[in-house]
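# Commentary on secondary and tertiary structure
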Amino acid sequence: MTDQTSSQASRLIAVSNRTAAGQESRAGGLAVALWDTLADTRGLWIGWSGRILDFPSSRAKRSEEDGVEFALTDYSRDQYDGFYLGYANSVLWPVMHNRIDLAVFDSAFYRYYVEINEKFADIVQQQATPSDIVWVHDYHFLLLGDMLREDGWTGKCGFFLHIPFPAPEVFRAIPQHRKLARGLFAYDVVGLQCGKDLANLAQYLEEEFGAEELPDGRFRVEDRIVHLLHCPIGIDSRSFAEAATAEPATLAAARLSRFLGDRDLVIGVDRMDYSKGLPQRFEGMAKLFDRYPDLHGRISFTQIAPPSRSVVEEYAQLREQLDALSGRINGDYGDLDWMPIRYLARGYDREEIAGLYRRAKACLVTPLQDGMNLVAKEFVAAQDPEDPGVLILSQFAGAAEQMKEAIIINPYDSSAIAEAVKQAIEMSREERCMRWQSLYENIMSQDIHWWRTRFLTAFDEVPA
Ligand code: ADQ
């Protein structure tokens, strides 16, 4: 652990749009990792309160929960629509996931993006002292670092991008790409999920701003020096593995088994999002049942996908598409006593999901583009070492870089998905154990605590 986290020499200030404030269960990996660090260093978590008010204050409201301090701010309806639904989720999210075709380039959105980033920059200035370390999370706050520097902030300041950084020509499709990039290289450290993201960002900065790599691996961009850090996020692997054999998990698995009988389970667990490749995955299962009638009645596919950001039009369309596809597949292949595909549009507790993963013979993690994908890691953590299931993983998930012993597939190719499921179902126990063992070692050694330490240690090299 770094000086910052153990000696309390400086306080950590985390900034993210959503925080773990008020959550009954802080089971999610990131929430736990940040919570521990913030509690150890008497740190502060700055974020959105989740409230939309007619006249939100420009200041943040302080609160405290189990040793962690929060400074939370409210949005107006226009800010929520323009910043969150607009620029963050209708411009940045699609473009960073290679879906320029879905982006809505409305200049009014950008005004709100600037407004909210300014609001957060002010809050950081009000709450932090220069000896503190500011750690900003994700695409909602690309401009924040630059705004802090413009305001004269001299303290250490880092950023972690949870989603992919696309190829330079794709990033350039964003009208304000140069302003966003300036925001990025104002940070001392920029953490990225995988080598490909880092290479894309470095290439973009070289082409667009003449960035130069220094002998120590950092980059000089104009008058700034920025450390681009490859820092793949992990999960709280140990606690997830324990959860998979606890009572809520076994109860959930038993409930599902009442429906499945002795059939093999193939599972998918995702937020409902167009980046997750769900229609292609459903088509892959249809192809499997089409090609291999002997598998009818032997396996069932269950997809859990709670709706997210459902007011954005694309999400409503996706929901309709999945409803239609699952109806068609069940209509075409189902039988009186067998439902080939079940699609549950709701969330489950993490403890229950752990049990469902463990009951599954295979897990389909087939995003078209994903920063990392934590489901892949959770599935591995939850398995029975004596009889593990098989992970089928998209080559376009950041996780594929670390999880090479999964069956790696092209998520656009429904035939490849069908064949991978067949291979997984028929795989010998010996091969399953071998693959699982290496995957497990990886998620145990590079877990969420490793990730946090790796990121915070990078600040040690930043001059005070
Ligand atoms: P997400 O896109 O949200 O995160 P992911 O990494 O898959 O994606 O994490 C999803 C989390 O939600 C997992 O912990 C999963 O268990 C949970 N979840 C999914 N479906 C659920 C359901 N039906 N009920 C309950 N829980 C469910 C972003 C990036 C990712 C990156 C993470 C972390 O898009 O690429 O891995 O941040 O950096």
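Counting of residues starts from 1 at the beginning of each chain's written sequence and follows it residue by residue. Local features in this predicted model are restricted to residues of pLDDT 70 or higher, and side-chain atom pairs are both shown and tallied only at a pLDDT of 80 or more, whereas totals for entire chains, interfaces and linings draw on every residue. Side-chain numbers come from the whole structure's heavy atoms, not from hydrogens or water.

## Section: the sheet that holds strand β11 (residues 264-269)
- Ordered by their spatial adjacency, six strands build an open sheet running β13-β12-β11-β14-β15-β16, and the pairing between neighbours is parallel. The open sheet terminates on both sides in strands that have one partner only, identified here as β13 (341-344) and β16 (407-409). Each adjacent strand pair in this sheet contributes to an overall mean axis angle of 20 degrees, direction not counted.
- We treat two strands as partners when DSSP finds at least two bridges between them. A run of H or I in DSSP becomes a helix once it reaches four residues, and a run of E becomes a strand once it reaches two; helices and strands are each numbered from the N terminus. As paired elements, strand β12 (residues 299-304) and β13 share four bridges and run parallel to each other. Note that in β13 the partner of Gln303 across the bridge is Tyr343. Only the contacting stretch of a helix is used when fitting its axis, a line to C-alpha atoms as for every element, and angles between N-to-C directions run 0 to 180 degrees.

## A closer look at the domain arrangement of the protein
- Domain delimitation in this document rests on an assignment produced automatically or drawn from a domain database. When its domains are assigned, the protein resolves into domain 1 (12-234 + 448-461) and domain 2 (237-445).
- Between the C-alpha centres of domain 1 and domain 2 the distance comes to 31 Å.
- Only heavy atoms enter the contact rule, under which two residues are in contact if any of them lie within 4.5 Å. Contacts between domain 1 and domain 2 engage 25 residues on the former and 21 residues on the latter.
- Summed over both partners, the accessible area lost on bringing two parts together, with a 1.4 Å probe, is the buried area. Summing both partners gives a buried area of about 1800 Å² for domain 1 against domain 2, and 58% of it is carried by carbon and sulfur.
- Definition used for salt bridges: Asp or Glu carboxyl oxygen within 4 Å of a side-chain nitrogen of Lys or Arg. Counting across the interface, domain 1 meets domain 2 through zero salt bridges.

## Here we look at the state of the cysteines
- Only a pair of cysteine sulfur atoms within 2.5 Å qualifies as a disulfide here. Applying the stated rule across the entire model yields zero disulfides.
- No disulfide involves Cys194; its sulfur sits 12 Å from the nearest other cysteine sulfur, which is in Cys231.
- Using a 1.4 Å probe on the protein chains alone, a residue whose accessible area is under 20% of its type maximum counts as buried, one over 50% counts as exposed, and one in between counts as partly exposed. Since its relative accessible area comes to 2%, Cys194 is described here as buried.

## Focus on the nonpolar core
- Here, nonpolar core means buried Ala, Val, Leu, Ile, Met, Phe, Trp, Tyr and Cys residues that are tied together by side-chain atoms lying within 4.5 Å of each other. Core analysis: the biggest nonpolar cluster contains 68 residues, and Leu180 and Leu205 have the highest contact counts within it.
- The contacts of Leu180, once residues within four sequence positions are left out, are Tyr87, Leu92, Tyr110, Tyr113, Leu142, Leu143, Phe171 and Ile174.
- If you look at the next biggest cluster of nonpolar residues, it comprises 61 residues, including Ala244, Val365, Val380 and Trp451.

## Quick notes on helix α3 (residues 77-96)
- Of all the bends in α3, the largest measures some 35 degrees and sits at Gly86.
- α3 sits mainly inside the fold: 17 of its 20 residues count as buried.
- Positive phi appears at Asn98, one or two residues downstream of α3, with a value of about 65 degrees. The reported bend at a residue is simply the angle between two axes, fitted to the 7 residues ending at it and to the 7 residues beginning with it.

## Overview of the site of the ligand
- Here a residue counts as near a molecule or strand whenever at least one of its heavy atoms sits within 4 Å of it. Neighbouring residues of the ligand: 22 residues in total, closest His162, Asp370, Met372, Leu374 and Glu378.
- Throughout this description, a polar contact denotes any pair of N or O atoms lying within 3.5 Å of each other; where both atoms belong to protein, one of them has to be capable of donating a hydrogen while the other can accept it, and for residues adjacent in sequence the pair is counted only when both atoms sit in side chains. A distance of 3.3 Å separates a nitrogen atom of the ligand from a polar atom in the backbone of Arg346.
- Measuring from a nitrogen atom of the ligand, one finds a backbone N or O atom of Tyr348 at 2.9 Å.
- The protein chains hide 81% of the 720 Å² of surface that the ligand would expose on its own.
- Contributions of two or more residues to the shell around the ligand are made by α13 (350-359) and α14 (374-382).
- Ranked by residue count, the leading element in the shell around the ligand is α14, at three residues.
- Under the convention adopted here, Pro, Cys and the residues Ala, Val, Leu, Ile, Met, Phe, Trp and Tyr are nonpolar, Asp, Glu, Lys and Arg are charged, and Gly plus all remaining residues are polar. Among the residues forming the shell around the ligand, the class breakdown is eleven nonpolar, five polar and six charged.
- A domain-level breakdown of the shell around the ligand finds at least three residues from each of domain 1 (12-234 + 448-461) and domain 2 (237-445). Calculation of accessible area relied on Shrake-Rupley with a 1.4 Å probe; when residues are assessed, cover is drawn exclusively from the protein chains displayed.

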